[in-house]
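Below are the chains, spelled out letter by letter.
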Amino acid sequence: MNNDLPGDARYKTIVELAPDVVYTISKSGNFTSLSSAFEKITGWKRKEWIGKNFAQIVHPADLPKALINFSKTLRGESRSYYRLRIRSKKGNYILGEFKSAPEMENGKIVGVIGIGRDITNELKKHEELVHYKNLVQSSDSAIISRDIEGNIVSWNKAAENLFGYKAPEVIGKHFSFLVPKDNKDELKKISQMLKKGKLLEDYETVRVTKEGKVIDIIAKISPIVGDDGQVIGTSVFDRDNTYRRKDKEYDDYLVKANKILFSSLSFGVTLRKLAKIMVPEVADWCSIHIGDSHTLSSVVIAHEDPDMIKWAEGLQKKFGSADDKKSSTYRVFKTGKSELYKKITDKLIVNSDASEEQIRLIKKLNIRSVISVPIKCGKKILGVISLVSSQDNRYFDESDLKFAQELGNMAGQAVENAKLYHMAKLEIDKRKKIENELRSSRDQLGAILENTADGITLQDSLGKLVYANRAAALASGYKSVRQMLKNPKKWSEAYEVKDENDNPYDTSNLPGRRALTGEHNPQDAIFFINKKTGEKRWSIVKARAIKDNSEKISAVVNIISDITQSKELERKKDDFISIASHELKTPITSIKGFMHLLKQEHKDYQNSRSAMFINRVDAQLDKLMELIEDLLNLSKLQTGKLSYKSEPFDISELVTEVIGDLRQTTNTHKIHLRNKISRKINGDRDRISQVLINLISNAIKYSPNRDKVVVSMKNGNENILVSVKDYGIGMDKDEAEKIFDRFYRVKDVNDKTFPGLGIGLYISKEIIQRHNGEIWATSQKKKGSVFQFALPIY
Amino acid sequence: MKKILAIDDDEAILEVVKFILEENDYEVRTSENGRISGILDEFEPDMILLDVLLSGEDGRDIARRLKSDKKTKNIPLVMISAHPSANVSAKAAGADEFIAKPFEIDHFLEVVDKRLRH
């Protein structure tokens, strides 16, 4: 298509000038052109929609209709006068009426061309008309229209109610029948003013009803102007001014009530205030009840005279009126429906099922009129407001009821607000308390962490340092925690790090790292030497994994304890034991020498008492020697000085040899060897024999009054098992676990310990562990024990 | 009669060693310290027993001196100590034998006898 054709340009201009929107849509539904009216009507810029799909501008509810019309048009059908709501830029919808036809090019349908017209206003006018009619009919005000002569043209329902005449009775009549006779000159005044085209508002006057009753009314009289500008009649809105006057007062009350209700969030106080302002102007009595699902209880009874209040409260206690299921208050509370007793006559009271005493009281109260309205918030009924008149000339009517209902709704909102506020306050207080508790316990924990002598750090699941206390930072050579967190790797450069055996310590494999990979509670004793100052320090580093709910490790806590002092003490103690036992050895050597000489002297008197004593002393001396030897071994174990040879040997040969030697030393027990297995193991033959001697000697020592010990061997998976079984005093499970501890000694039934330092098994365990083996005991009290060790086969 | 010189800072040890060796027909001289040049010249021992740790002196220094002196280097030297671990260092200093304190008298006599028969 050539857009420059003169004919085309003309069309374009026409389209642009048209008050309706002319548009084209491609087959895919996108706008390809829009005329200028589109911008005027919808507020959108054309360029905002060109290329966009029309479906996006159509009201979602109208979209199916739009799509049907679109597809039908594409199939060649022209569509007329269908209505769609179109979204304006402001976001509201404009009702449009559309016509559409297929857009042809070379005999083929290439899209849709259409015209849209904004019919919102037309529709509005029509709707308004309908609306006005309804409004006039349903209005609470009497609406009367008259022609220029004053004859009545229309008369609505409210006019029927107010004046007592039905519409057919009055239409066509002159309205003067409504004006009292003594007020006839008023008519002239009105007609003069109206003829000038003036509007009369809030015009207070009096009218006569069909019953002949004179009523106060307030009128709004306005001229009706014809199309040519001439006044063709008047319309009158009459409202009963007795209501109106009350309404005004009630509006004031509602404003007051509103102020009171929302002035405080303590609804007990506000409801009391509310009730007080109602008496005596609105009612003689005002009582308010508030309830929940179980009970309905009186919050306040208000009366002008305080003595009357006391009296009424006393009554309420006596009769429990609120809980009286038959009471109007209870009914209103349950149903949510207001009740109005316009006029309570003596007859009505007598006919009710009230007791005689109640009737007497009601009579004394002189109840004339009662309103009970629910205190409502949405559908929830929170309580009841009751208004009681005890004046002969005050009877409540619908307007009072309406006021009371509004009051009830307002109070309901206030009560609900107060309840919500209290709930929220409780919740807030609770949270604050928890928060404070948390804060104080967190502060406490923080203070503990900061002031503890141990260094404590926290690593996240990736091993990154996320927390360190002061002790940790100082122990790692940092000046502050901040510096440590900033550069957590720096410490390793400042220290030479060694393990317990004086070998270089691999700092990339600290306990924290190992805990992350699942090792259970790893710990290392680590020796730090400050490269600059030469300061030496021993630390125990323990790591504990923290697991989340799904047992995944979420963090690791490291505890770094300085054990330099205790290490130093331990070393001093070991040195002392070592020196002391050496010092002991020298005198023992000479004693032994002299004992030897003494024996020589008594060679010829073997049976003499002195020869016997010499033998005793000599035997005790041997025991003393053994103890000193144990002590020495122990201190060597502690200081790591015990040296181990490493050579292959046959374990069965060693077992046979040891048993052979020990058989010489005992005449109480037989030592049996069962299941001898020849296996080579690698290690220190003397140390293993020390273990065997220890186990067999123990078996003998702890089975007095028994006569055998059984040693047996067994093939394990990749190791060889040696067990020593006795039938002696045995021990319970707890003891069996502790038996390998340093200085632990088994007690007999009389709680007496056996001689010895209690370090034999401790040393045995150390030796077996140094051979990468295992040693353990199973035992039963009074039945005996089995001690076993397993050593890897060479 | 073979002659043995015993050096130890502990008087009781010297006394008992002297008794035992004399019982077994050795002639014995004792010294509580390493100043023994006079005794060596005059007594001409066939064997020397030497404690590793003397008060204020290291027996191993004495051993080295003895073993570097032409006159004494062939005299069998038996060193004694309460430190079993001194075995290696004693031998390194020139000791021909090492006996740990406390010792069995029979074992002690055996060693002495063996060395003197060489």
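These lines cover the structure that appears in this document, whether it is placed above or below.

### Some points on the interface of chain B and chain A
Consideration 1: Taken residue by residue, the interface counts 17 residues in chain B and 14 residues in chain A.
Consideration 2: Summing both sides of the interface, chain B and chain A together bury roughly 1,400 Å²; the carbon and sulfur share of this comes to 72%.
Consideration 3: Taken together, the connections running from chain B to chain A amount to one salt bridge.
Consideration 4: A salt bridge links A:Lys592 to B:Glu104; the nearest nitrogen and oxygen atoms lie 4.0 Å apart.
Consideration 5: If you look at where chain B meets chain A, you find one residue pair in polar contact (both at pLDDT 80 or more).
Consideration 6: The set of elements that each furnish at least two residues to the side of chain B that touches chain A consists of α1 (11-23) and α5 (105-117) of chain B.
Consideration 7: The biggest single contributor to the side of chain B that touches chain A is α1(B), with seven residues.
Consideration 8: Considering only residue class, the side of chain B that touches chain A consists of ten nonpolar, one polar and six charged.

### Here's the deal with the sheet that holds strand β26 (residues 719-726) of chain A
Residues and elements named next belong to chain A.
Consideration 1: In spatial order, the strands read β23-β25-β26-β28-β27; together these five strands make up an open sheet with mixed pairing. Single-partner strands in this sheet number two, and they are β23 (670-674) and β27 (774-780). Between one strand axis and the next, the sheet turns by 15° as a mean value, whatever way the strands run.
Consideration 2: In this sheet, strand β28 (residues 784-792) lies alongside β26 in antiparallel orientation, the contact comprising seven bridges. Along β28, the bridge assignment pairs leucine 721 with alanine 790.

### Focus: the packing of helix α21 (residues 651-665) of chain A against helix α22 (residues 685-701) of chain A
Residue and element names in this part refer to chain A.
Consideration 1: The geometry of α21 relative to α22 is characterised by a closest axis approach of 10 Å and an angle of 50° between their N-to-C directions. The orientation of α21 with respect to α22, classified from their angle, is oblique. Remark: the crossing between α21 and α22 carries right-handed chirality. Across the interface between the two elements, Ile651, Glu653, Leu654, Val655, Glu657, Val658, Ile659 and Leu662 of α21 pack against Arg685, Ile688, Ser689, Leu692, Ile693, Ile696 and Ser697 of α22.
Consideration 2: The residue makeup of the contact of α21 with α22, split by class, is ten nonpolar, two polar and three charged.

### Examining the sheet that holds strand β3 (residues 79-87) of chain A
Residues and elements named next belong to chain A.
Consideration 1: Taken in spatial order, the five strands line up as β2-β1-β5-β4-β3 in an open sheet, and their pairing is antiparallel. Strand pairing shows two members of the sheet lacking a second neighbour, β2 (31-34) and β3, which therefore form its edges. Geometrically, the sheet is characterised by an average inter-axis angle of 30° between neighbouring strands, direction not taken into account.
Consideration 2: In this structure, strand β1 (residues 21-26) lies alongside β2, joined through three bridges in antiparallel fashion. If you follow threonine 24 over to β2, its bridge partner there is serine 33.
Consideration 3: Across the face of the sheet, helix α3 (residues 63-74) comes into contact with β1, β3, β4 (93-105) and β5 (108-118) while running at roughly 140° to β3.

### Examining the pattern of salt bridges
Consideration 1: The full count for this structure, using the stated rule, is 35 salt bridges over all chains.
Consideration 2: One salt bridge in this structure joins A:Lys592 and A:Asp622, with 2.6 Å as the shortest N-O distance. In this pair, A:Lys592 sits in helix α19 (residues 564-601) while A:Asp622 sits in helix α20 (residues 609-639), placing the two residues 30 residues apart along the sequence.
Consideration 3: Taking the relative accessible area as the measure of exposure, A:Lys592 reaches 8% and is therefore buried.
Consideration 4: Between A:Asp618 and A:Lys599 there is a salt bridge, with its nearest N and O atoms 2.6 Å apart. Highlighted residues: A:Asp618 in helix α20 and A:Lys599 in helix α19, separated in sequence by 19 residues.
Consideration 5: The network of salt bridges with common partners includes A:Lys592, A:Lys599, A:Asp618, A:Asp622 and B:Glu104.

### Some details on the environment of A:Ala158
Consideration 1: By the element assignment, A:Ala158 lies in helix α5 (residues 157-163).
Consideration 2: Between the alpha carbons of A:Ala158 and A:Ile144 there is a distance of 9.6 Å; along the sequence they are 14 residues apart.

### So, a negative patch on the surface
Residue and element names in this part refer to chain A.
Consideration 1: On the surface, a cluster of negative charge is made up of Glu249, Asp251, Asp252, Glu281, Glu304, Asp305, Asp307 and Glu406.
Consideration 2: Per-element tally for the negative patch: the top contributor is helix α8 (residues 241-261), with three residues.
Consideration 3: Within the element layout of this structure, glutamate 249 appears in helix α8.

### Here we look at the side chain of A:Ser287
Consideration 1: When you line up the elements, A:Ser287 lands in strand β11 (residues 285-291).
Consideration 2: Those residues in contact with A:Ser287 that sit more than four places away from it in its chain are A:Val300, A:Ile301, A:Val384, A:Ile385 and A:Ser386.

### Focus: the packing of aromatic side chains
Residues and elements named next belong to chain A.
Consideration 1: Taken as a whole, this structure holds 14 aromatic pairs over all chains when the rule is applied.
Consideration 2: Ring centres 5.5 Å apart and planes at 80° place the aromatic pair tryptophan 44 and tryptophan 49 in the edge-to-face group. Of the two residues, tryptophan 44 and tryptophan 49, neither departs from the other in class, the shared state being buried.
Consideration 3: Arranged with centres 5.8 Å apart and planes meeting at 65°, the rings of tryptophan 491 and phenylalanine 528 form a pair that is edge-to-face. Here tryptophan 491 is found in helix α17 (residues 491-494), whereas its partner phenylalanine 528 is found in strand β19 (residues 523-530), with 37 residues between them in sequence. Each member of the pair, tryptophan 491 as well as phenylalanine 528, is classed as buried.
Consideration 4: Linked through ring pairs, Tyr23, Phe31, Trp44, Trp49, Tyr82 and Phe98 together constitute an aromatic cluster.
Consideration 5: Positioned above the aromatic ring of tryptophan 49 is the side chain of lysine 52, whose terminal nitrogen or guanidinium carbon lies 5.8 Å from the ring centre.
Consideration 6: The lysine or arginine in question, lysine 343, covers the ring of tyrosine 395, its NZ or CZ lying 4.9 Å from the ring centre.

Conventions used here
Residues numbered from 1 in each chain as written. Chains lettered and ligands numbered in written order. Predicted model: local features only at pLDDT ≥ 70, side-chain atom pairs only at ≥ 80, totals over all residues. Heavy atoms only, no water. Contact = heavy atoms within 4.5 Å. Buried area = accessible area lost by both parts, 1.4 Å probe. Salt bridge = Lys/Arg side-chain N within 4 Å of Asp/Glu carboxyl O. Polar contact = N/O pair within 3.5 Å; in protein donor to acceptor, adjacent residues only side chain to side chain. Helix = DSSP H or I, 4+ residues; strand = E, 2+ residues; numbered from the N terminus. Nonpolar A, V, L, I, M, F, W, Y, C, P; charged D, E, K, R; others polar. Pairing = 2+ DSSP bridges. Axes fitted to C-alpha atoms, helices over the stretch in contact; angles between N-to-C directions. Parallel < 35°, antiparallel > 145°, perpendicular 65-115°, else oblique. Left-handed = near helix turned anticlockwise from the far one by under 90°. Buried < 20%, exposed > 50% of the residue type's maximum accessible area, 1.4 Å probe, protein only. Patch = residues over 30% accessible without salt bridge, like charges linked within 9 Å, V, L, I, M, F, W, Y side chains within 5 Å. Areas by Shrake-Rupley, 256 points an atom, 1.4 Å probe, with all protein chains shown as cover. Lys, Arg positive; Asp, Glu negative; His and termini not counted. Charge placed at Lys NZ, Arg CZ, Asp CG, Glu CD. Phe/Tyr/Trp six-rings, centres within 6.5 Å; stacked < 30°, edge-to-face > 60°. Lys NZ or Arg CZ within 6 Å of the ring centre and 35° of its normal.

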